[in-house]
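Analysis of the macromolecular model
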Amino acid sequence: MSTVADATPHALWLDRLDPPIATRPALDGDRQVDVAIVGGGFSGLWTAYYLIRADPSLRIAVLERHYCGFGASGRNGGWACGEVGGTTGGTVARYAERSSHGEAMRLIRAVFDAVDEIARVSTSEGIDCDYAKGGTIRLARNAPQAKRQREEIDELRAQGFTGEEVRLLDAAEARRYLNATDVRSGILLGPSAALDPAKLVRGLAEVVEASGVTICEQTAVSELGPRRVHTEHGTVTAEVVVRATEAYTRDLAGQRRALLPVYSLMIATEPLSEGVIDEIGLPGRPTFSDDRHMVIYGQLTADDRIAFGGRGVPYLFGSRIDARTELNEPSHRLIHDTLVELLPPLRDAGITHRWGGVLAIPRNWLPGLTLNRTAGIGVFGGYVGTGVACANLAGRTMAELILESETERTSLPWVGAIARTWEPEPLRWLGVRSSRRILRAADDREFRTDREARAAFRLSRILRGA
């Protein structure tokens, strides 16, 4: 049996690509295009896809420092989840403050549609990304979590969400979805799918390249400004420059405080036997988590592994990104311990892969996008871990904004919702680290005593934008 220490230190999704990754050539000098997109992840590639489909004559260049899918798009948990920023009810209320309740609901349902749009595009373009729309099951495993779930469903019903979109499950029904320990209740979010993110992002890159988009990998961007992108290999001028760099925005000149890079780490088991899968459940491959404050997430892959992760690595001073942190073995062991505590039948399952990466959090915890047509700069991101589906909607919307098309998406209330910058250090480090310790202690207390840690719950809702 392979242990965490023995596991391959690479993302499962990227490690098993067939054929393996071969990087494209770098930019080879100055170039002029219509649209320059900085970042070869989901946001940038979806923007390129919808632009070139709408107008094949456009000259589009995607500039990527490593290879398409190197960042969160190729390493995430594979959740195409119908959420914006992680809390559906709280998100509706926050976006409603910018517009109206009806407009906020229209945004959430546009993300629901993006879950299906990924399937439509994948099918039409021949991208096999192991897509399975099985919903997301979130378990309550102590009394405080169950209480919060009842309150959340009441809030969602009052906001207008239907039972097909989201519903409360009793303990027995929840266990049929995931036979975990100590199940009290569950919430099932219908508009949600499991997929292989690396297959999707690499397939999308191949499709846009075949359609005429130029992709320059191995091309580090140092600075972008109005209609101009400076790289180590030359300068690209464009009518519109799109910043699609998510957590790596901190590496651009003057952008260190724009988005907070937060680490999330994952492990993957060996393929499980039919008997073990029958014991743990997951019919239809729903993604899964529970309602602790410190986020965990998992899925059953198409080849019968459990890919499971959590946000446990502390924030690094100065918004630093360090590849060594992605392979923090004590954190991976903690994730494995959490998985086995949740699903004891996996105790003897070998661990084949362990990896990590950074996601981006804006200061207001609300993803948004904007296009400054005067300056010729488009900006989006900060998906707070819900980027697979949100990036599809954001990229489609950015393309429509660039083309000056008025659609049902271009007036959604997240258009223009760009947050202020994060506090300077050491305030940023102190705030993030302190919040993490409080939330972890709250989880420990709730599991130990079955009593709600109310102060931490209030802090959690503030942190998650609820």
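Residues numbered from 1 in each chain as written. Predicted model: local features only at pLDDT ≥ 70, side-chain atom pairs only at ≥ 80, totals over all residues. Heavy atoms only, no water.

The next subject is the overall build of the protein. Scanning the protein for helices and strands turns up 13 helices and 18 strands. Relative to the 2.2 N^0.38 estimate, which gives 23 Å for 466 residues, the radius of gyration of the protein is 21 Å and therefore close to what a compact globule would have. Principal-axis analysis of the C-alpha atoms places the extent of the protein at approximately 60 × 50 × 45 Å. Out of the 466 residues in the protein, the part that is buried amounts to 60%. Surface exposure of the protein reaches about 18000 Å², of which carbon and sulfur atoms provide 50%. Taking the 57 positively charged and 60 negatively charged side chains of the protein as two groups, their mean positions are separated by 7 Å. (Helix = DSSP H or I, 4+ residues; strand = E, 2+ residues; numbered from the N terminus. Rg over C-alpha atoms; globule rule 2.2 N^0.38 Å. Buried < 20%, exposed > 50% of the residue type's maximum accessible area, 1.4 Å probe, protein only. Areas by Shrake-Rupley, 256 points an atom, 1.4 Å probe, with all protein chains shown as cover. Lys, Arg positive; Asp, Glu negative; His and termini not counted. Charge placed at Lys NZ, Arg CZ, Asp CG, Glu CD.)

For the bond from D18 to P19, the omega torsion is 5°, close enough to zero to count as cis. Within the secondary structure, P19 sits in the loop between α1 (12-15) and β1 (31-38). With an omega dihedral of 5°, the bond running from E425 to P426 counts as a cis peptide bond. Among the structural elements, P426 can be located in the loop between α11 (387-402) and α12 (427-449). The phi angle at D130 is positive, at roughly 60°, despite the residue not being glycine. Note on placement: D130 falls in the loop between α5 (101-125) and β4 (136-140). With a relative accessible area of 15%, D130 lands in the buried category. A positive phi angle, close to 70°, is found at D304, a residue other than glycine.

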